[in-house]
Amino acid sequence: MRVLRGEVSEFQRWLQKSERFAVLTGAGVSAESGIPTFRGPGGLWRQYSAVELATPQAWSENPGLVWEFYNYRRVLMGEKRPNPAHLALAKIEKEFQKLGKAFTLITQNIDDLHLEAGSQNLIRLHGSLWEVRCVRCAKVSPNREVPITPAFAGTGGVEGNGPSKAFREADLPHCSECGGLLRPHVVWFGEMLDPEVLASAQKAALEAELFLVVGTSAVVYPAAGLVELAAQGGAKIAVVNLDVPVSHRFLDFVFEGAAGEILPSLLQFPDS
Ligand code: OAD
């Protein structure tokens, strides 16, 4: 770890002093579980970037291709397990609970590895890969099917230059209640976040005394705005990232390195 700003011992004193601690995570927290980040190497699926496929336009043009992409992500993520970074965040939450102090984990990830690690007060800004929503009746349900329907078995590999298969309407998943088409319950580019979910994240950021940002390029709004909000609310701001952006505006602590290596020792009270 390279300490670019502040000191570990000082961070840990703040951790102990803070009555309200909030953490924002991004794809970097799951990188050591083997899940490619969005903007780093391996962030492509075939010739498409996630940014091209995770859109309402892509869905209206070719829902089969979009489902093939999400089916691929289900195959990929279904085998992945929480890493020491997820576990350290779940552990510090328990410490905060024991002391009657507030802890909120806000994630941009849709992989649910924080849940699997045992995090409880979790805000999933961008939804979940493991939930589906009916485009007709809007019902949201858990769904762990891999493949998403039998027609997707064996499809979705990263090789190839285009869709491996043209899917028919009947191949796609449908709502058991109304028969409408099911889509991934995730937020796509160009879509609004659920206003209640966003409001609860903003409240946690604004009220935090310490705000830790882990493994995110923090370029996608409104998630990125939470850091500014926390700073406005008077929080100390800490960053743990593999490569910290040059702009260090309003950062109090900057720890450069892999989250899975840094968090287990960083997230300790000084006297423990
Ligand atoms: P990005 O891929 O943009 O950024 C991941 C960040 O994690 C980069 O700054 C990496 O340097 C860093 N990183 C990589 N490995 C790491 C490690 N082991 N430890 C610590 N840091 C590491 O991902 P996000 O910022 O999460 O949105 O992307 C934000 C949103 O854009 C995503 O939620 C998604 C995406 O497109 C939607 O799908 C709406």
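Each remark here, short or long, concerns the structure printed above.
Since the structure is predicted, the reported quantities are computational estimates derived from the model, not experimental observations.

(A) Spatial organisation of the pattern of salt bridges. Within this structure, the stated rule accounts for ten salt bridges. A salt bridge links E116 to R81, with the shortest nitrogen-to-oxygen separation between them at 3.5 Å. Of this pair, E116 sits in helix α7 (residues 113-117) while R81 is found in the loop between α5 (63-78) and α6 (84-98), placing the two residues 35 residues apart along the sequence. For E116, a relative accessible area of 43% puts it in the partly exposed group. The exposure class assigned to R81 is partly exposed, which follows from its relative accessible area of 47%. Connected via shared salt-bridge partners are D112, R124 and E131.

(B) Broad picture of helix α1 (residues 8-17). Residues F11, Q12 and L15 constitute the buried set of α1. Around the axis of α1, the buried residues are gathered within 95° of arc, so they sit on the same side. Tucked into the core, α1 has its buried residues touching β2 (20-25), α6, β10 (210-214), β11 (236-241), β12 (253-256) and α10 (259-266).

(C) Structural view of the sheet that holds strand β9 (residues 182-186). With respect to topology, three strands assemble into an open sheet ordered β8-β7-β9, the strand pairing being antiparallel. Where the open sheet ends on each side, the last strands, each with one partner, are β8 (140-142) and β9. When the angles between neighbouring strand axes are averaged without regard to direction, this sheet yields 45°. Here three bridges tie strand β7 (residues 127-134) to β8, and the two strands are oriented antiparallel to one another. Counted as the bridge partner of V132 is S141 from β8. Contacting β7 and β9, α5 runs over the sheet at an angle of about 140° to β7.

What counts and how
Numbering of residues starts from 1 in every chain and runs along the sequence as written. Thresholds applied to this predicted model are a pLDDT of at least 70 for local features of residues and 80 or more for the giving and counting of side-chain atom pairs; totals over whole chains, interfaces and linings are not thresholded and use all residues. No hydrogens and no water enter the side-chain calculation; it runs on all heavy atoms of the structure. What counts as a salt bridge is simple: a side-chain nitrogen of Lys or Arg found within 4 Å of a carboxyl oxygen of Asp or Glu. Comment: elements are numbered from the N terminus, with helices defined as DSSP H or I runs of at least four residues and strands as E runs of at least two. Relative accessibility thresholds used throughout: buried, under 20% of the residue-type maximum; exposed, over 50%; partly exposed, between the two (1.4 Å probe, protein chains only). Here the arc refers to the set of directions running from the helix axis out to each C-beta atom. Residue contacts follow a heavy-atom distance rule, with two residues in contact if any of their heavy atoms lie within 4.5 Å. Should DSSP find at least two bridges between two strands, the strands are regarded as paired. Orientation is described by axes fitted as lines to C-alpha atoms, over the contacting stretch for helices, and by angles from 0 to 180 degrees between their N-to-C directions.

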